[in-house]
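# A look at the structure
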Amino acid sequence: MNKPSSAPLDIKFAKIKAVTFALRPAPLQESLEALKKRLGPTPGVYSAEPAVLDFSGWNDTELAEHGIELKTYAEMLRAAGVLLAEVRGQSEALEAQAEELGIRFETGQTEQLEPEPQPQPEKTEQAAQAVQAELLETDSEQASHPAVPSFDNARRTMVIDQSVRSGQKIYAQGADLIVMGQVSAGAEVIADGNVHVYGVLRGRALAGAAGDTQARIISTCFEAELVAVAGYYLTFEGGFPEENRSKPTLIHLDHGTEPAVLRLEAINIR
């Protein structure tokens with residue numbers, strides 16, 4: 001009969017979830033500024049989270065030309081309360097820097113794109129006729145049926161049926177987030193998609209955490225400490241616009257400016 005182990009310690013290996021900052025070749029200061037902008041205020045969306053710095057798109061020449069020092073990135077992340085857990089790249093010099101800092105290094109693999117299949121000449125005319133017939137059939141269907149919107153990816157939804165207390169942090173990974181209650185001051189609600197708060201929003205709300213610039217935040221009573229969409233953020237130490245204070249509000253990115261700007265928009269839900 002097998003007996004359970006009485007050893008005081010067991011070792012198990014598990015993969016951790018981490019936010020990956022994929023850096024493109026740029027001068028050191030410009031790269032640091034871009035990272036600082038994404039990190040936002042401290043504490044922020046990435047506080048207390050493990051992180052990966054991905055330099056897979058850099059070669060040795062670019063790393064040397066731009067004077068990349070991994071220690072500088074690590075210090076910036078540490079100051080923001082983010083733990084640098086891993087560095088990825090294809091440079092031995094970068095690997096040596098990671099080893100000196102005691103950070104795990106993983107060799108980055110560039111994805112290979114499969115070549116597109118070329119159409120066979122004898123099938124081209126048949127394909128064109130088939131497409132034309134399909135279009136005619138579609139036109140006749142649309143005459144009797146309304147158009148149905150299409151979406152690139154189906155997105156899940158996480159629903160929280162209670163208020164979020166101060167100190168709590170909720171993250172809807174790969175999903176929209178709906179909170180049926182208030183988000184207290186000191187609480188944080190985060191989603192890769194949209195954030196809906198059907199109650200008073202007094203804490204922090206961050207939508208598009210994975211980079212979706214089309215994500216939005218909706219609150220039926222807006223009194224937030226901070227809001228952010230895809231890394232663009234607003235804080236309200238100086239107070240709220242009167243048209244938004246304690247009122248239903250939509251927060252979204254305005255792509256009509258360069259760079260994009262986060263906007264507050266009063267909404268009428270009555």
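Computed from a predicted model, the values in this text were never measured in an experiment.

Attention shifts here to the pairing of strand 13 (residues 232–235). Side-chain direction in a regular strand flips from residue to residue, so the side chains alternate between the two faces of the sheet. Relative to strand 13, strand 12 (residues 226–229) is paired through 4 bridges, and the arrangement is antiparallel. When the bridges of strand 13 are listed, Ala228 appears paired with Tyr233.

Before going further, it helps to examine the sheet that holds strand 10 (residues 204–207). Spatially, 5 strands are ordered 6-8-10-12-13 in an open sheet, and the strand pairing comes out mixed. If you trace the sheet from one side to the other, it starts and ends with strand 6 (169–172) and strand 13, each paired once. This sheet shows a mean twist of 10 degrees between the axes of neighbouring strands, independent of strand direction. Relative to strand 8 (residues 188–191), strand 6 runs parallel, the two being bridged by 4 bridges. Bridge pairing links Lys169 to Glu188 in strand 8.

Right, let's get into the environment of Gly203. On the secondary structure map, Gly203 appears in the loop between strand 9 (195–201) and strand 10. Overall, Gly203 belongs to the buried group, its relative accessible area being 0%. Discounting chain neighbours no more than four positions away, the residues touching Gly203 are Val183, Ser184, Ala185, Gly186, Ala187, Ala224, Glu225 and Leu226.

Our next topic: the packing of aromatic side chains. Within this structure, the stated rule accounts for 5 aromatic pairs. Ring geometry for Phe55 against Trp58: centres 5.6 Å apart, planes inclined by 65 degrees, an arrangement best described as edge-to-face. There is no split in this pair, since Phe55 and Trp58 are both buried. Taken together, a centroid distance of 5.4 Å and an interplanar angle of 90 degrees make the contact between Phe222 and Phe236 edge-to-face. One end of the pair, Phe222, is in strand 11 (residues 217–222); the other, Phe236, is in the loop between strand 13 and strand 14 (249–254), and 14 residues separate them in sequence. No difference in accessibility class separates Phe222 from Phe236, as the two residues are buried. A connected cluster of aromatic rings, assembled from ring pairs, spans Phe55, Trp58 and Tyr73.

Taken N-terminus to C-terminus, the directions of helix 1 (residues 28–39) and helix 3 (residues 70–79) make an angle of 20 degrees; their axes are 11 Å apart at the nearest point. Taken together, the axes of helix 1 and helix 3 are roughly parallel relative to one another. Two packed elements cross with a definite hand, and for helix 1 against helix 3 that hand is right-handed. Between helix 1, through Leu28, Ser31, Leu32, Leu35, Lys36 and Leu39, and helix 3, the contact on the second element is made entirely by Thr72, Tyr73, Met76 and Leu77. For the contact of helix 1 with helix 3, the residue count by class is 7 nonpolar, 2 polar and 1 charged.

What counts, and where the lines are drawn
Residues numbered from 1 in each chain as written. Predicted model: local features only at pLDDT ≥ 70, side-chain atom pairs only at ≥ 80, totals over all residues. Heavy atoms only, no water. Pairing = 2+ DSSP bridges. Helix = DSSP H or I, 4+ residues; strand = E, 2+ residues; numbered from the N terminus. Axes fitted to C-alpha atoms, helices over the stretch in contact; angles between N-to-C directions. Buried < 20%, exposed > 50% of the residue type's maximum accessible area, 1.4 Å probe, protein only. Contact = heavy atoms within 4.5 Å. Phe/Tyr/Trp six-rings, centres within 6.5 Å; stacked < 30°, edge-to-face > 60°. Parallel < 35°, antiparallel > 145°, perpendicular 65-115°, else oblique. Left-handed = near helix turned anticlockwise from the far one by under 90°. Nonpolar A, V, L, I, M, F, W, Y, C, P; charged D, E, K, R; others polar.

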